[in-house]
Every structure is written in C-alpha cells, then in structure tokens.
Amino acid sequence: MSLLSRCGRRAYSRSHKLRGPSTLLRLAFLSTASTDSLGARSPTRLGPPPIRVGLTESAGRGVFATRRIGSGELIHTAEPVVSHPSLHSLHTVCYYCLRRLNSAGSPAQAVSFCSDDCRARSQAFYEVETRADWSLHDGYCRYEVALVLLPLFASINRSPYENFLFHFCLPFCILIEVHLFSLHMLLSSHGLKYPLLVKRLACMVISGATSSDCLDILQPAYLSPEMISEMEEGFRFLKCAFTGAHVKDEQIAFLTKQWYTTLLARIRINAFRVEVVGGSFEDLLSMATASVEAEAAVGNAVYMLPSFYNHDCDPNTHIIWLEDAVARLKALRDIELGEELRICYIDASLDRDARQSLLSQGFGFRCDCPRCLSGD
C-alpha cells in the first residue's frame, strides 16, 4: 500500500447533507494551517486553512483552494474525531494519540499512554471502557476479520501443496488462534477499525466527551441487508458489554441497532488507516513511492475535514502521519485558486487495471480521473 491507506471510501457524495456556514466554520477550525516545516509538533498559526468545502460537478462534495497553494506547503493539520489503535499495536503505541512508545508495554498491562496529557484527555472515555469486559467483543472482531480474509486467501494462485496447506491447516489455525506472526499481522491490518472505532466512540458518548451524532455530516456507505444482518451480532456484543458493566439505561439510550449500523456505514468510507512514519520529512520523501510494511499501520481514525477530500490517481495533495494520529495534508505541486484538492486512496504506482480493481472492490466506485481515462 502507499503512504495513504484509505479504508472503504467512495469518490462521491461526501457528506450527509449540506450544512450551514456556521457548521462548516466549526469544521475548519478543527484544523489549522501552517507554512512551517512538517516536523512533528511544529507550531501552527491560528485560523482556517486556505481551503473551502463545496460541491463538485460529478463527485459530490470536495475541497477547493481559496488561494494559490505552493508546492510543498502544509495545507492544514487535523486531529481525529475518533481513533483507536489496531489490536496488534495495543502494547506498542499510545492508546490515545497512537504515538509509538519508547518501550513496548507488557501483555499484562492493559494499555499505555505516551504522556500525562494523553492520559488526561482519554480519562473520561477510558474510565467507561475499563468498567466493561471486552473479551467477547474483541474476539468477535478477530473472528469477523478471519471470515473476510478467507476469500482473499482463496483467490491467490497456489501450488497443489500450498492448496493442501490452505484448505487443511488455515481453518484450524484460525479456530485455535495460532498466533503466527505473519497471519496475525495480516488479520490485524484489515477491518478491525470498524467495531473498535464504534466501541471507542460509544464510550466517548457515554462519558459526555462527544455527542452521538458527531459523525452525521459524513456520507454513509450503502449497506446490503446481508451486511446489516452480520453487523447485528457486533451490536449485541457491544451492548452486552455495557449492560454487563451496569451502565445506566439512559446513558446508552442512543445505542440502537440503527445508530450502530449507520455509524459503521459512515466509518467504512471515511476511516483512514494511520501509518506513522516516525521520522523526518526528508525520510518521508525518500519513502513516498515505496510500500509501507504492515506494522507501520498503528491504528485507524476518522477525521472531519480530510473526509471531504475526493480521490485522484494523480493527486495534488497527500496526507501523512509523522509521529501520531494528527493528520498533515501537504501540497504535492502548485495548486491554483479555486482548484480542487484531491488525494490518492491507494498506491498511485499501480497500473490502471490494478487501480480500477482496488477502487471498485474496496471503495465502491470506478475512477474516471484524467490519468485513468488516458489509460496510464
């Protein structure tokens, strides 16, 4: 995958409905603009970024430049509305900001924080979370991912011997939870963001840290009746965890099947896979066209303003994470006033057929950007 790994987004109809200017202004101030370097924790100037959200001719909502943006300029940063580490990263990254820890925590230690500030900022929802037993819920996450990946394994060309190993050994490995490193990393890098992000957001709502409709402005994915039926089991595990922890009924009144499935539908096409580089911007440039190893993905997050960026296979903007879950959007070339800013959801170095296949199967649309139309 490229430095940007998007998870299940489409290139049209970004937001649920057109909101008023006051709402969009609040969204703008969730991010900040800066002309400084992209070093982590770099100072930023207050004020809205040099962009606006508006309607495109064919792709729903989009992000447009309100002035000329120079190549290499940091357009804005954005903190996640909700984020969660991948299960394989629980003991190696901060439970709040996803920053890599200096030393990995022990399995006996539930989670770790990189600073007192992160511990304090997560105190409200973490207190709710620690009251519940999540063993069944998290086990469900792992099981669902295995079911999703089995067809992917089945589609790989294998020798007769490899076919025997696949059909005979792999199901047993999943059932008895044999933690082979490669299999564990593969499972951890797919799909776990969905129920884990909902779990985190539900705890935030219960604690009063956010509202249950905080993501309603984002466009939901289409869910088939079969998908909704499969999601209902996850809903039952989530609600049982809260009721088992004796959370008051009025505190989880928002937690209905409709809320759960609709939230998952929004997350499916708006979640980012956070791949922390953990180095300087110069190091990042040398890696820009290289694949990122699976362990670089430390978690997943949903942002507000970055979720309005549409896709292009020849993007003028890209998104990076240097140390934590704070997203940084940077201009790849000069962008003129009024021009739409677009990012690439997949590895832009892939050929046209591979890109079209990934975008269609993983993101739900066929790309008709100039590069694809030209056959490149």
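Parameters at a glance
- Residues numbered from 1 in each chain as written.
- Predicted model: local features only at pLDDT ≥ 70, side-chain atom pairs only at ≥ 80, totals over all residues.
- Heavy atoms only, no water.
- Helix = DSSP H or I, 4+ residues; strand = E, 2+ residues; numbered from the N terminus.
- Buried < 20%, exposed > 50% of the residue type's maximum accessible area, 1.4 Å probe, protein only.
- Areas by Shrake-Rupley, 256 points an atom, 1.4 Å probe, with all protein chains shown as cover.
- Expected span 1.5 Å × (residues − 1).
- Salt bridge = Lys/Arg side-chain N within 4 Å of Asp/Glu carboxyl O.
- Pairing = 2+ DSSP bridges.
- Phe/Tyr/Trp six-rings, centres within 6.5 Å; stacked < 30°, edge-to-face > 60°.
- Lys NZ or Arg CZ within 6 Å of the ring centre and 35° of its normal.
- Core = buried A, V, L, I, M, F, W, Y, C linked by side-chain atoms within 4.5 Å.
- Disulfide = S-S within 2.5 Å.
- pLDDT = per-residue confidence, 0-100.
- Contact = heavy atoms within 4.5 Å.

Novice: Please explain the overall build of the protein chain as it appears in this structure.
Specialist: The helix and strand tally for the protein chain stands at twelve helices and twelve strands. Across the 376 residues in the protein chain, those meeting the buried criterion constitute 51%. Accessible surface computed for the protein chain: about 17800 Å², of which carbon and sulfur atoms make up 56%.

Novice: Would you take a moment to explain helix H9 (residues 257–268) for this structure?
Specialist: Every α-helix carries 3.6 residues per turn, so stepping three or four residues along brings you back to the same face. With twelve residues, H9 should reach 16 Å at 1.5 Å per residue; the first-to-last C-alpha distance of 16 Å fits that figure. All buried positions along H9 are accounted for by Trp259, Tyr260, Thr261, Leu263, Leu264, Ala265, Arg266 and Ile267.

Novice: Just checking my understanding: could you explain the pattern of salt bridges for this structure?
Specialist: Any two side chains of opposite charge can pair, given that their charged atoms come close. Here the structure, examined in full by the defined rule, presents 16 salt bridges. Between arginine 68 and aspartate 334 there is a salt bridge, with the nearest N and O atoms lying 2.7 Å from each other. A residue pair is termed long-range when its members are at least 10 positions apart, and arginine 68 in the loop between strand E4 (61–65) and strand E5 (74–78) and aspartate 334 in the loop between strand E11 (327–331) and strand E12 (340–343) qualify at 266 residues. Judged by relative accessible area, which is 45%, arginine 68 ranks as partly exposed. Across the pair arginine 333 and glutamate 339 runs a salt bridge whose closest N-O atoms are separated by 2.9 Å.

Novice: How should unusual backbone geometry be read in this particular structure?
Specialist: Apart from glycine, the bulk of residues carry a negative phi angle, and the bulk of peptide bonds sit in the trans form. Its identity as a non-glycine residue notwithstanding, leucine 98 has a phi of 70 degrees, on the positive side. Its location among the elements puts leucine 98 in the loop between strand E6 (82–85) and helix H2 (116–121). Of note, histidine 246 is a non-glycine position whose phi angle comes to about 60 degrees, a positive value. By secondary structure assignment, the location of histidine 246 is in the loop between helix H8 (225–244) and H9.

Novice: Can you walk me through the sheet that holds E4 in this structure?
Specialist: Hydrogen bonds between backbone groups are what pair the strands of a sheet, and the pairing can be parallel or antiparallel. Strand order in this open sheet of four strands is E3-E4-E12-E9, and the pairing throughout is mixed. Of all the strands in the sheet, the pair left with one neighbour each is strand E3 (51–55) and strand E9 (310–311). Here E4 runs beside E12; their pairing, made up of two bridges, is antiparallel. Across the sheet, residue phenylalanine 64 finds its bridge partner in E12, namely glutamate 340.

Novice: Is there a simple way to explain the environment of tyrosine 194 in this structure?
Specialist: Turning to its location among the elements, tyrosine 194 is positioned in helix H7 (residues 193–207). In this structure tyrosine 194 comes out as buried when scored by relative accessible area, which is 15%. Sequence-wise, tyrosine 194 and asparagine 300 are 106 residues apart; in three dimensions their C-alpha atoms are separated by 8.8 Å.

Novice: Please explain the packing of aromatic side chains as it appears in this structure.
Specialist: The description of two aromatic rings rests on the distance between their centres and on the angle between their planes. Under the definition given, this model contains eleven aromatic pairs. Look at tyrosine 95 and tyrosine 126: their rings are 5.7 Å apart centre to centre, the planes differ by 70 degrees, and that puts the pair in the edge-to-face class. Linking tyrosine 95 in the loop between E6 and H2 with tyrosine 126 in helix H3 (residues 123–129), this pair joins segments that are 31 residues apart in sequence. Judged by centre distance (6.1 Å) and plane angle (65 degrees), the rings of phenylalanine 272 and tryptophan 321 are edge-to-face. Of this pair, phenylalanine 272 sits in strand E7 (residues 271–275) while tryptophan 321 is found in the loop between strand E10 (317–320) and E11, placing the two residues 49 residues apart along the sequence. The pair formed by phenylalanine 272 and tryptophan 321 is uniform in burial state, with each residue classed as buried. The ring of tyrosine 95 is capped by arginine 200, whose NZ or CZ atom sits 4.6 Å from the centre of that ring.

Novice: What should I look at first to understand the nonpolar core in this one?
Specialist: Proteins that are soluble and globular tend to have nonpolar side chains buried together. Grouped together as the largest cluster of nonpolar side chains are 75 residues, with contacts concentrated most on Leu215, Phe242, Trp259, Ile267, Tyr303 and Leu341. The element contributing the most residues to this core is H7, with nine residues. Counting eleven residues, the second-largest nonpolar core is a separate cluster that includes Leu87, Leu90, Val111 and Cys141.

Novice: Please clarify how the state of the cysteines should be interpreted in this entry.
Specialist: Any covalent bond linking the sulfur atoms of two cysteines counts as a disulfide. Summed over all chains, the structure comprises zero disulfides. Considering cysteine sulfurs only, cysteine 114 is the nearest to cysteine 97, which forms no disulfide, with 3.6 Å between them. Relative accessible area serves as the criterion here: at 9%, cysteine 97 is assigned to the buried category. Not engaged in a disulfide, the cysteine cysteine 369 finds its nearest cysteine sulfur in cysteine 367; these two sulfurs lie 3.4 Å apart.

Novice: How should the pairing of E10 be read in this particular structure?
Specialist: Regular strands have side chains that alternate between both faces of the sheet. Going residue by residue along E10, you find Thr317 and Ile319 tucked away on one face and His318 and Ile320 tucked away on the opposite face as well. For E10 and E11, the ladder comprises four bridges, and the chain directions are antiparallel. By the bridge assignment for E11, isoleucine 320 is matched with arginine 328.

Novice: Got a minute to help me understand the confidence of the model for the protein chain in this structure?
Specialist: Should pLDDT be low for a region, the predicted coordinates there are not to be read in detail. Looking at the protein chain as a whole, its pLDDT mean stands at 77, while 67% of the residues score no less than 70. Mean pLDDT across the elements of the protein chain bottoms out in helix H6 (residues 181–188) (36) and peaks in E11 (97). Under a pLDDT of 50 for its full length, residues 170–192 has, in the predicted model, 32 contacts with residues more than four places off or in other chains. Every residue in residues 280–295 is under pLDDT 50, and counting partners more than four places away or in other chains gives 22 contacts.

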